[in-house]
Amino acid sequence: MTRSSRTISRRSFVRSAVAIGGASALSACLDRESGDADAPPRGVDAGGLEELPERQHAWTAAQRTDEHGNPLVPEHHVTLHFSYIGGSPTDEERTQVETAFETLERAYARSNEGLLFTVGYGPTYFDRFDESLPEHVDLPEPTALAPIETPEFDSYDAMFHLASDRGSVVLSAEEALTGELESINGVDVEATLEGVLEAEERRTGFTGAGLPAENQDGVRGIPNSEPVSEDAPMFMGFKSGFKKNQASEDRVTIQEGPFAEGTTTHLSRIRLSLDQWYEQDSRTIRERKMFCPAHAEEGKIEGAGDNLGDSSQLGDCPAHTLEDAREYGTVGHSQKSARARENDEPIILRRDFNSTDDDEAGLHFLSHQRRIEDFVKTREAMNGTDVAEQSAIGARTNNGILQYMTVRRRANYLVPPRRHRSLPTPRPK
Ligand code: HEM
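This structure is a prediction, so every number in the text was calculated from the model and none was measured.

## With respect to the overall build of the protein
A count of helices and strands for the protein gives 13 helices and 14 strands. What you see for the protein is a C-alpha radius of gyration of 21 Å, in line with the 22 Å of a compact globule of 429 residues. Every one of the 429 residues in the protein was classed for burial, and the buried ones make up 58%. Considering only intrachain contacts with a sequence separation of at least 6, the fraction spanning at least 24 residues in the protein is 79%. A total of about 17,500 Å² of accessible surface is found on the protein, and carbon and sulfur atoms cover 45% of it.

Structural data, given as C-alpha cells:
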C-alpha cells in the first residue's frame, strides 16, 4: 500500500466514524488518528479563557490556509440540534452550560487541528421570554426563499456547529457535551449539557480536496461512474470559498447592543442530484453554470479551480448576467450570486460542507451574516428570477446550479458573542 492510499483510507474511515457518531465510533476514530499524529493541541488554561475572542465566528485567523492564502474550513463537521428542557433558563443552568463550553476550550486549541465551534439559538428559543430581541437583531422564522421550493423548517432551540481536521476531536467534544466522557484530551469534564439541553438531531459532513471523491461510492445523487475528481473539495467538482468571494468577519458581525460581536447563522440542508451534471453536461457547461460563461470561453479554470488563486476571478461577469443569459442561454451560480455584493464585497460568509447523511449526496449550507436579510438578499440574487423573466433561461434550467439542488430544510440562529453564549435572555445585561 502506498503512503497516499493509506492516508486516503484513513480519512475516509474517519469521515464514516464522524457520520456514525457515539462511543464506539469515537474509540475507532481515536485509534486510527492517534497512529498518524501527535495528540491534538491543548487549549487554554483557566486563566486564558478571558483572552479568547468575543466573536464565536472568528475562525479565519485560527484556520489553516492554502498556498494562495484562502482560509480552509476544517475537514470534519457535526451540527447538533437541541431542545431546551426547562421552562425558562436559570442562572444555575447558565453556569452549567458555560462550564461545559469552557471544558472544550481548555481541552482543545482554537484551530483546525484543535476545535472550532459556534453556538446559536433559534427564534423558538427566544419566544419563551416576555421581552423581545432588540430591534436591530434580525432573527426571523425561516421561510421558503425560492419560487420552486418547499423546505421544512427546523424549530430547534439551539444548534452547535463543531469542526476540526480531526474526526476524533469533533466526536469527543460531542460526547463530552452530552455526558458520555469523564475527561477529554487530558482535561476533566466538569459539566455537561445533561438536564438542560437535549440533543434531538445530529448532521455530519466533510470538506477538503479528496474527501468527496473518496466518499462518492454508493451515494444517492452521484452516478455510479464515481465522477468526482480527486482534487475537488466539493461534490460538484469545484473549489469554493475563495478569500475574495467571502464576506469578511467584520461584515457579518453585529455591531451594536447586547449582542455586539455576535452574528447569525443560516443553515439549510440541500440534496444534490448530480446525474445530469456529470453524465450529460460537458465540462464547458459545468464551468458556465458554476462560475460564468466567460470562464468557460476563456479556459480560466483548471481542474477544481485552484489555479484561480484567491478569488474566483469574476471580473465583470455579474454585470453581464442578463447579456450572458441571452447570448449563451446560461448564467453562472457565482455570477448571479455576486450581484448581492455591497461595495464589491459579498455580504455572507459561507462555511458549508458536503454530506452523505442518509446515504444521499448533500450539502449542509451554513453561512454567517450580520442580518438574516443579507442571506435572503443573496439567495434572491442566486434565484435569478429577474434574469429568467427577461431571457430564455428557465426558473431552474440553465440557471446556475438550481436544477441540481433541492433545499429540504431551513433554519436561522442568533450566534451571541462569547460572553452571552450560554442560554441568553433576549436582552442580556
Ligand atoms: C449545492 C450548493 C452550492 C455549491 C456547490 C456552491 C458552490 C459555489 C462555488 C464553487 C462558488 C464559486 C467559488 C467561490 O466564490 O467561493 C460559489 C460562490 C458563491 N455562492 Fe455558492 N454554492 C452552493 C450554494 C449556494 C447557496 C445556497 C448560496 C446562498 C445564497 C450561495 C452563495 C454563494 C455566493 C454569495 C458566492 C460568491 C459570490 C461572490 O463572489 O460575490 N451558494 N458557490
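## A look at the coordination of the iron atom of the ligand
Protein coordination of the iron atom of the ligand is limited to a single donor, His333 (NE2), which sits 2.1 Å from the metal. Following the sequence through the fold, His333 ends up in helix H11 (residues 333-337).

## A look at the pairing of strand E4 (residues 116-121)
Side-chain positions along a regular strand alternate between the two faces of the sheet. The buried fraction of E4 amounts to six of the six residues, a majority that puts the element mostly inside the structure. The alternating pattern of E4 places Leu116, Thr118 and Gly120 on one face and Phe117, Val119 and Tyr121 on the opposite face, and all of these are buried. The pairing of E4 with strand E6 (residues 158-164) spans six bridges and is antiparallel. The residue bridging Tyr121 from the neighbouring strand is Ala158, located in E6.

## Regarding the layout of surface pockets
Estimates place the volume of the largest pocket at around 600 Å³. Every residue lining the largest pocket is counted, 31 residues in all, and those nearest its centre are Pro71, Leu72, Val73, Ser240 and Gly241. Looking at the lining of the largest pocket, the elements that each hand over two or more residues are strand E2 (71-72) and strand E11 (349-350).

## Some remarks on empty space enclosed by the protein
The full count for this structure, using the stated rule, is three cavities of 30 Å³ or more. No other element matches the four residues that helix H12 (residues 372-383) contributes to the lining of the largest cavity. Taken together, the residues of the lining of the largest cavity break down into 22 nonpolar, 10 polar and six charged. Roughly 50 Å³ of internal volume is contained in the second largest cavity. Lining the second largest cavity we find Arg269, Ile270, Arg271, Ser355, Asp357, Glu360, Ala361, Gly362, Leu363, His364 and Arg408.

## Topic: the state of the cysteines
What is meant by a disulfide is a covalent connection between two cysteines, made through their sulfur atoms. For the coordinates displayed, the defined rule picks out one disulfide. At a sulfur-sulfur separation of 2.1 Å, the disulfide partner of Cys292 is Cys317. Here the S-S torsion is close to -95°, and the disulfide linking Cys292 with Cys317 is therefore left-handed. One end of the pair, Cys292, is in the loop between helix H8 (283-290) and helix H9 (293-297); the other, Cys317, is in the loop between H9 and helix H10 (321-328), and 25 residues separate them in sequence. For the pair Cys292 and Cys317, one class covers both residues: buried.

## Looking at the site of the ligand
In the neighbourhood of the ligand, 25 residues make up the surrounding shell, with Gly241, Asn245, His333, Arg341 and Arg350 lying closest. At a separation of 2.9 Å, a nitrogen atom of the ligand approaches a polar side-chain atom of His333. Here Arg341 contributes a side-chain N or O atom positioned 2.6 Å from an oxygen atom of the ligand. A majority-of-atoms criterion places the ligand in the largest cavity. Put simply, the parts of the chain that give the shell around the ligand at least two residues each are H11, strand E13 (362-369) and H12. By residue class, the composition of the shell around the ligand is 13 nonpolar, eight polar and four charged.

## Looking at the environment of Val331
Looking at the secondary structure, you find Val331 in the loop between H10 and H11. Judged by relative accessible area, Val331 falls into the buried class, the value being 0%. Along the backbone, Val331 and Phe291 are 40 residues apart, and their C-alpha atoms lie at a distance of 8.2 Å. Other than its neighbours up to four places away in sequence, Val331 contacts Arg288, Lys289, Thr321, Ala325, Lys336, Val387, Ile393, Asn398, Asn399 and Gly400.

Calculation notes
- Residues numbered from 1 in each chain as written.
- Predicted model: local features only at pLDDT ≥ 70, side-chain atom pairs only at ≥ 80, totals over all residues.
- Heavy atoms only, no water.
- Helix = DSSP H or I, 4+ residues; strand = E, 2+ residues; numbered from the N terminus.
- Rg over C-alpha atoms; globule rule 2.2 N^0.38 Å.
- Buried < 20%, exposed > 50% of the residue type's maximum accessible area, 1.4 Å probe, protein only.
- Contact = heavy atoms within 4.5 Å.
- Areas by Shrake-Rupley, 256 points an atom, 1.4 Å probe, with all protein chains shown as cover.
- Donors = N, O, S within 2.8 Å, 3.2 Å for Na, K, Ca; no water.
- Pairing = 2+ DSSP bridges.
- 1 Å grid on protein atoms, 1.4 Å probe; cavity = no way out; pocket = protein on both sides within 12 Å on 5 of 7 lines; lining within 4 Å.
- Points joined across faces, edges and corners; volume = space filled by probe spheres on them.
- Nonpolar A, V, L, I, M, F, W, Y, C, P; charged D, E, K, R; others polar.
- Disulfide = S-S within 2.5 Å.
- Near = heavy atom within 4 Å.
- Polar contact = N/O pair within 3.5 Å; in protein donor to acceptor, adjacent residues only side chain to side chain.
- Sits in = over half its atoms within 2 Å of the grid points.

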